[in-house]
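# Per-entry structural report
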Amino acid sequence: MSVFTEETRARAREIIARYPADRSRSALLPLLHLVQSEEGYVSPAGVEFCAEVLGLNKAQVGAVATFYTMYKRRPTGDYLVSVCTNTMCNVLGGQDVYDTLAEHLGVGHDETTTDGKITLEHAECLAACDYGPVMTVNYDFFDGVDPQTALGVVEELRSGGRPTPTRGARLCTLKEMSVQLAGFADEREGAVADGGPGEPTLRGLRLAQQHGISVPGFDPNTPIRSKAEANQAAAEAKARAEAAKPAPAPEPATPKAATGSTAPDVKAPDDKSPEVRAAETRQPDAKTAVPDSPGTKVPVDGAPPAPRDARAAEAEGAATNVPAGDGKPAGDDAAAQERSLKEAEANK
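Residues numbered from 1 in each chain as written. Predicted model: local features only at pLDDT ≥ 70, side-chain atom pairs only at ≥ 80, totals over all residues. Heavy atoms only, no water.

### Description of the packing of helix α2 (residues 28-39) against helix α4 (residues 58-65)
Two elements in contact, α2 and α4, have axes whose closest approach is 11 Å; the angle formed by their N-to-C orientations is 80°. On the basis of the axis angle, α2 is roughly perpendicular to α4. Here L28, L29 and L32 of α2 come into contact with α4, specifically with Q60, V61, V64 and A65. Per-class residue counts for the contact of α2 with α4 are six nonpolar, one polar and no charged. (Axes fitted to C-alpha atoms, helices over the stretch in contact; angles between N-to-C directions. Helix = DSSP H or I, 4+ residues; strand = E, 2+ residues; numbered from the N terminus. Parallel < 35°, antiparallel > 145°, perpendicular 65-115°, else oblique. Contact = heavy atoms within 4.5 Å. Nonpolar A, V, L, I, M, F, W, Y, C, P; charged D, E, K, R; others polar.)

Given below as structure tokens:
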């Protein structure tokens, strides 16, 4: 196993400390950049180192290292030159740029020049279609290139110079770039102040300003806060909102009986007949429904039955009235009265 420098090991511990203890394997991506910054590629020793410090096996580390194209599995030159040959850049001349560089440098895709300076690769897309054809050197952009300008860039690199990218910070080597991708700042004086924005990007900004388009609530003077600071600000805002809520209104007091009274609570009289109350507590039925009770149905065949109180009054009237010619008061004929009551009950 290759012995990595103590500085690399200290940085590895710093990277791992950025993640919760139970999520330490999330540090694998920046750790792979870190070992690449020391050896120029992710070597078998680098895979073993990452597995050791994270408690993983080499197969797990190797699966990640071979998935992403930014992790190189063979020694790479100081400058990785990537030429976009995808549809848009190809139509604009990207393939001609790549073919010219390949012939001039004497290398093909993912190959390095004999002096160890340049590694050439064709890229599927560099996400800069409005600047095509596009070429990057260690992921810094050179926009709108043609074969001759691309040759000028690589020749300056081979002679020890560092041409200025069209956009972005000052150019650096692949190892220096890998340190930054591992999460450490570029320590070169004024390096990040070099370069500038691209014209298509500025054009979009100018159109937004011209038409008054902006993100709602966006304040360019507001600093970008860390996640911890944002969470703290959200908690404070929530606390202020809770404090600003009005106190809930007290519930109205329930009237109580006069002091010293022992009389029980008196409920309002219920003027419903027993039949109505029974009907309200059971499923209505066409045969037994009480017409004057809420929610019941009246049979549609024939006239609706008379209410219970009306039937009782009719029965009582029949019991107290005797047909003409009888000569006897209805009250004297007990048998007739009992008969009438039974008939009335039978008609319910």
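From this point, the narrative continues.
### Re the pattern of salt bridges
Scanning all chains against the criterion turns up eleven salt bridges. Taking the shortest distance from any N to any O, the salt bridge between E7 and R11 comes out at 3.5 Å. Note that E7 and R11 are positioned in helix α1 (residues 6-17) at a spacing of four residues, about one turn of the helix. We note a salt bridge from R206 to E199, for which the minimum N-O separation is 2.8 Å. The exposure class of R206 is partly exposed, given its relative accessible area of 41%. Several salt bridges converge on common partners, so that one network encompasses D115, E155 and R158. (Salt bridge = Lys/Arg side-chain N within 4 Å of Asp/Glu carboxyl O. Buried < 20%, exposed > 50% of the residue type's maximum accessible area, 1.4 Å probe, protein only.)

### Some thoughts on the nonpolar core
Ranked by internal contacts, the top residues of the largest apolar core, which has 23 residues, are L31, L32 and V61. If you list the elements that add at least two residues to this core, you get α1, α2, α3 (44-54) and α4. Apart from the residues within four sequence positions on either side, V61 is in contact with L28, L32, V47, C50, A51 and L56. (Core = buried A, V, L, I, M, F, W, Y, C linked by side-chain atoms within 4.5 Å.)

### A short note on unusual backbone geometry
With omega at -5°, the peptide bond leading from G132 into P133 counts as cis. Inspection of the secondary structure puts P133 in the loop between β3 (118-123) and β4 (135-137). Non-glycine residue A127 carries a positive phi angle of around 60°. Relative to the elements of secondary structure, A127 occurs in the loop between β3 and β4. At N138, a residue that is not glycine, the phi angle is positive and equals roughly 50°. Checked against the element boundaries, N138 lands in the loop between β4 and β5 (140-142). Using a relative accessible area of 0% as the deciding quantity, one classes N138 as buried.

### Things to note about the sheet that holds β3
Pairing within the open sheet is mixed, and its five strands lie in the order β2-β3-β1-β4-β5. The open sheet is flanked by β2 (111-112) and β5, the only strands paired with a single partner. Note that strand β1 (residues 79-84) and β4 share three bridges and pair antiparallel. Considered in β4, the bridge of V83 is made with M135. (Pairing = 2+ DSSP bridges.)

### Here's the deal with a nonpolar patch on the surface
Taken together, the side chains of L29, F67 and Y68 make up a nonpolar region of the molecular surface, amounting to roughly 320 Å² of accessible area. One can find L29 in helix α2. Taking relative accessible area as the criterion, L29 reaches 35% and is therefore assigned partly exposed. (Patch = residues over 30% accessible without salt bridge, like charges linked within 9 Å, V, L, I, M, F, W, Y side chains within 5 Å. Areas by Shrake-Rupley, 256 points an atom, 1.4 Å probe, with all protein chains shown as cover.)

### Re helix α7 (residues 147-158)
With twelve residues, α7 ought to run about 16 Å at 1.5 Å a step, and its terminal C-alpha atoms sit 17 Å apart, in line with that. A150, L151, V153, V154 and L157 are the residues of α7 that are buried. The buried residues of α7 occupy an angular sector of 160° when projected down its axis, which confines them to one face. A side-chain oxygen of the first residue of α7 lies 3.1 Å from the backbone nitrogen of Q148; this N-cap is D146. (Expected span 1.5 Å × (residues − 1). Arc of directions from axis to C-beta. Polar contact = N/O pair within 3.5 Å; in protein donor to acceptor, adjacent residues only side chain to side chain.)

### What to know about the side chain of E121
Relative to the helices and strands, E121 is located in strand β3. A distance of 3.0 Å separates the side chain of E121 from the side chain of K72, its partner in a polar contact.

It is worth stressing that arrangement in space is one thing and function is another; only the former is reported here.
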